[in-house]
Amino acid sequence: MSLKIIQPGLSTSIQDLGRPGYFHLGIPIGGAMDRFALRVANMLVGNPEGAAGFEVVFMGPTIEFQKDALISVTGANLPPKIDGTPCETWTAIEVKAGQTLSFDFLKSGARAYIAISGGIDTPPALGSRSTYPIGALGGIEGRNIQEGDIIPLGEADMIEPGLSVPEKLRRLPGNPAELRVLPGLYWHRLTPASQKQFFADDWAVALEADRMGYRFKGGNPLEFVDREQPFGAGADPSNIVDGCYSYGSIQVPGGLEPIVLHRDAVSGGGYFTLGAIISADMDLIGQLQPHTPVKFVQVNMDQAIKARAERKKMLAQVREHLG
Amino acid sequence: MKTRYTYGGDEHIYVEMDDEMSLDAFFKSLSMSNAVRDAKIEGVTEICPANASFQVRFDPDVIAPDDMMAKVKELEHRAEDAEKRLKTRIIEIPVYYQDPWTHETLMRFRERHQDPSGSDLDYAARINGFDSVDAFIEAHHAQPWFVSMVGFVAGLPFLYQLVDREKQLQVPKYLRPRTDTPKQTVGYGGCFSCVYSVRGAGGYQMFGVTPMPIFDPEQKQSYLKDFMVFFKPGDIVKWKPIDRDEYDRILAEVEADTYVPRIAEVDFDLDAFNADMAGTNAKLMEALNVA
């Protein structure tokens, strides 16, 4: 017995870096929405970077510790408290058996990550502890945590508390958030004017924003190049013969509201996609609250690969800083 | 058929064999995704075949996107030469059309539909030129279907009906996808039927529901013992219309973990099918009926 959930928060799930290999059957990779934050949280407490932790959305849980541990809270600015005493985020904190972790109100961002020394040790499903609720896989019985759950922890070599990540190495979106897009997939279905307009428009995160996808509102409806719809696609110009969806791809049902597919994405379907958010910016999406202003920024493949290298470099700098 | 290659962000290559659906496009997509798998290209992390397209996910830190694209393109000629024959199985799936649960759901999402005045089946029957919903339902289950893709959510089969193109049914997807669909709903979008394997979002028109689970992480049913996902691309399905009583009877068997679907091993040859559709389907049905 290691952790007891006193109160689960709004939507708290167990996540690691996901379960690749089953997307061709519709089972998504899953895992932390903000992988940068989960990796850093694990580094702070001396875990392997892919160890399972909690992903907390908007409102923190209350957790009773049944053994001594180191914890860290990264990602969204959700201030932790140990037995009511405020503690720092992005810092390794010591918790003693019998103490309770709770949280203050969210100050910024959307998803906080809690790493605990030893990592969460629930049984893996298809190679991962990540919770995928609609497929009832991973976590505790394939669902988000509930009041009264007992969460097992792995064995840990205790390191010293107090390690901290400086502000400049904490990666979070700006406001407005800029999400870089590589056009492709069914980009050719849009008129040139509509292609331009998509990047010129001011968008905002809509209410339907979860692990499967983030919907955006406020921009102009898209205009499609005229064509006779190909057999099997369906009559609406936004329909295609159902194909695979790329992670990060932007589908726009009816040409109305873009949806960016995220870690728990459906693997395919019949709505056209105009391109994809670059891999480097996927972490940022999970930190966007509803109504956050967003600009989509067009990039090319070279810029996408460069941004990917920069994110990797930043992770290396955190590793170096933490020694 | 005209093959189109494109990128899905910096981690995916997307290959569309054709922008319209056909069994030729399906077979080429399946052959080419098999060829990519067999080539064991370093950096490939996932290969997802679809109806008339497929996707390769790769790690751009291991292989540059341009190099990955070139390697995939090189494999196209091999797919063209591949045989269009499959050793597969035909499965009878019971369907309770016009059930109360999908009806409740479609009423809840009426404002996202092309025609809020009727049901999804009323709309589908009308735009396909049928006089009645019953005649449309008959067309839906009279001839077998081919699983041309598995995905969307865990183990959901997309199915393509084994009939002449003129006889195929087509409907658009919802104008905006629903946030809820009952588990095991039989849906329809474009020219594809599907079975929603789990409860969740969906954009297909809803026609009915099957009591037969097709995805179960606990693998309780005998036919899910090998793997939690039932369907594979190439499987053939015959819908069997059932009423509420039969639905309840099958559900009781499912709950007792004793339900056994009717399944027969069959061969499918695309050239033979194209040469004689009625004859090929009759043989498939014969195999099922003696199973």
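Residues numbered from 1 in each chain as written. Chains lettered and ligands numbered in written order. Predicted model: local features only at pLDDT ≥ 70, side-chain atom pairs only at ≥ 80, totals over all residues. Heavy atoms only, no water.

**Quick notes on the overall build of chain A**
Here is step 1: Helix and strand counts for chain A stand at four helices and 20 strands.
Here is step 2: For chain A, the C-alpha radius of gyration of 20 Å lies close to 20 Å, the compact-globule estimate for 323 residues.
Here is step 3: For chain A, the C-alpha atoms occupy an extent of roughly 65 × 40 × 30 Å along the three principal directions.
Here is step 4: Within chain A, contacts between residues at least 6 apart in sequence are counted, and of these 75% link residues at least 24 apart.
Here is step 5: For chain A, the exposed surface amounts to about 11,800 Å²; the carbon and sulfur share of it is 52%. (Helix = DSSP H or I, 4+ residues; strand = E, 2+ residues; numbered from the N terminus. Rg over C-alpha atoms; globule rule 2.2 N^0.38 Å. Contact = heavy atoms within 4.5 Å. Areas by Shrake-Rupley, 256 points an atom, 1.4 Å probe, with all protein chains shown as cover.)

**Here we look at the overall build of chain B**
Here is step 1: On a plain count of helices and strands, chain B comes out with nine helices and 12 strands.
Here is step 2: For 291 residues, the compact-globule formula gives about 19 Å, and the C-alpha radius of gyration of chain B, at 20 Å, lands near that figure.
Here is step 3: The dimensions of chain B, computed from C-alpha atoms along their principal axes, are 55 × 45 × 40 Å.
Here is step 4: Taken across its 291 residues, chain B has 60% of its residues classed as buried.
Here is step 5: Within chain B, counting contacts between residues at least 6 apart in sequence, those at least 24 apart form 65% of the total.
Here is step 6: On chain B, roughly 11,600 Å² of surface is accessible, and the fraction owed to carbon and sulfur atoms is 48%.
Here is step 7: Here chain B carries 33 positive and 49 negative side-chain charges, and the mean point of each set is 1 Å from the other. (Buried < 20%, exposed > 50% of the residue type's maximum accessible area, 1.4 Å probe, protein only. Lys, Arg positive; Asp, Glu negative; His and termini not counted. Charge placed at Lys NZ, Arg CZ, Asp CG, Glu CD.)

**Describing the interface of chain B and chain A**
Where interface size is quoted, it is often the accessible area lost as the parts come together.
Here is step 1: Taken together, the 62 residues of chain B in the interface contact 56 residues of chain A.
Here is step 2: Taken together, chain B and chain A are joined by seven salt bridges.
Here is step 3: There are 31 residue pairs in polar contact (both at pLDDT 80 or more) connecting chain B and chain A.
Here is step 4: Elements with a contribution of two residues or more to the side of chain B that touches chain A: β1 (4-8), β2 (12-16), β3 (44-49), β4 (53-58), β6 (145-150) and β7 (157-161) of chain B.
Here is step 5: Here the side of chain B that touches chain A is composed, by residue class, of 33 nonpolar, 14 polar and 15 charged. (Salt bridge = Lys/Arg side-chain N within 4 Å of Asp/Glu carboxyl O. Polar contact = N/O pair within 3.5 Å; in protein donor to acceptor, adjacent residues only side chain to side chain. Nonpolar A, V, L, I, M, F, W, Y, C, P; charged D, E, K, R; others polar.)

**A closer look at the environment of B:G8**
Here is step 1: As for its placement among the helices and strands, B:G8 is situated in strand β1.
Here is step 2: In sequence terms B:G8 and B:R85 are 77 residues apart; their C-alpha atoms lie 30 Å from each other.
Here is step 3: Residues contacting B:G8, with those up to four places away along its chain left out, are A:L185, A:S246 and A:A276.

**So, the domain arrangement of chain B**
All names here are of chain B.
Here is step 1: Domain boundaries assigned for chain B yield domain 1 (4-82) and domain 2 (87-289).
Here is step 2: A C-alpha centroid distance of 28 Å is found between domain 1 and domain 2.
Here is step 3: Listed by partner, the interface residues are 11 residues for domain 1 and 16 residues for domain 2.
Here is step 4: Contact with domain 2 buries area across many residues of domain 1, yet M21, L23 and N51 alone supply 51% of it, more than any other trio. (Domains from an automatic or database assignment. Buried area = accessible area lost by both parts, 1.4 Å probe.)

**Topic: helix α7 (residues 244-255) of chain B**
Residue and element names in this part refer to chain B.
Here is step 1: The end-to-end C-alpha separation of α7 is 16 Å, in line with the 16 Å expected for 12 residues at 1.5 Å each.
Here is step 2: Restricting attention to buried positions, one finds in α7 the residues Y247, I250 and V254. Seen from one end, α7 has its buried residues packed into an arc of 70 degrees, which puts them on one side. Seen from the open side of α7, the exposed residues pointing more than 90 degrees away from its buried face are D245 and E255. (Expected span 1.5 Å × (residues − 1). Arc of directions from axis to C-beta.)

**So, the packing of aromatic side chains**
Here is step 1: According to the stated counting rule, one finds 31 aromatic pairs over all chains in the structure shown.
Here is step 2: Judged by centre distance (5.8 Å) and plane angle (80 degrees), the rings of B:W145 and B:Y188 are edge-to-face. In this pair, B:W145 is assigned in strand β6 and B:Y188 in strand β8 (residues 185-189), connecting sequence segments 43 residues apart.
Here is step 3: Take B:Y188: its relative accessible area is 1%, and that puts it in the buried class.
Here is step 4: The rings of A:W187, A:F198, A:F199, A:W203, A:Y214, A:F216 and A:F296 are connected pair by pair, giving a single aromatic cluster.
Here is step 5: Looking at B:R4, its charged tip hangs above the ring of A:Y186, at a distance of 4.7 Å from the centre.
Here is step 6: Against the face of B:Y5 rests B:K73, its NZ or CZ located 5.3 Å from the ring centre. (Phe/Tyr/Trp six-rings, centres within 6.5 Å; stacked < 30°, edge-to-face > 60°. Lys NZ or Arg CZ within 6 Å of the ring centre and 35° of its normal.)

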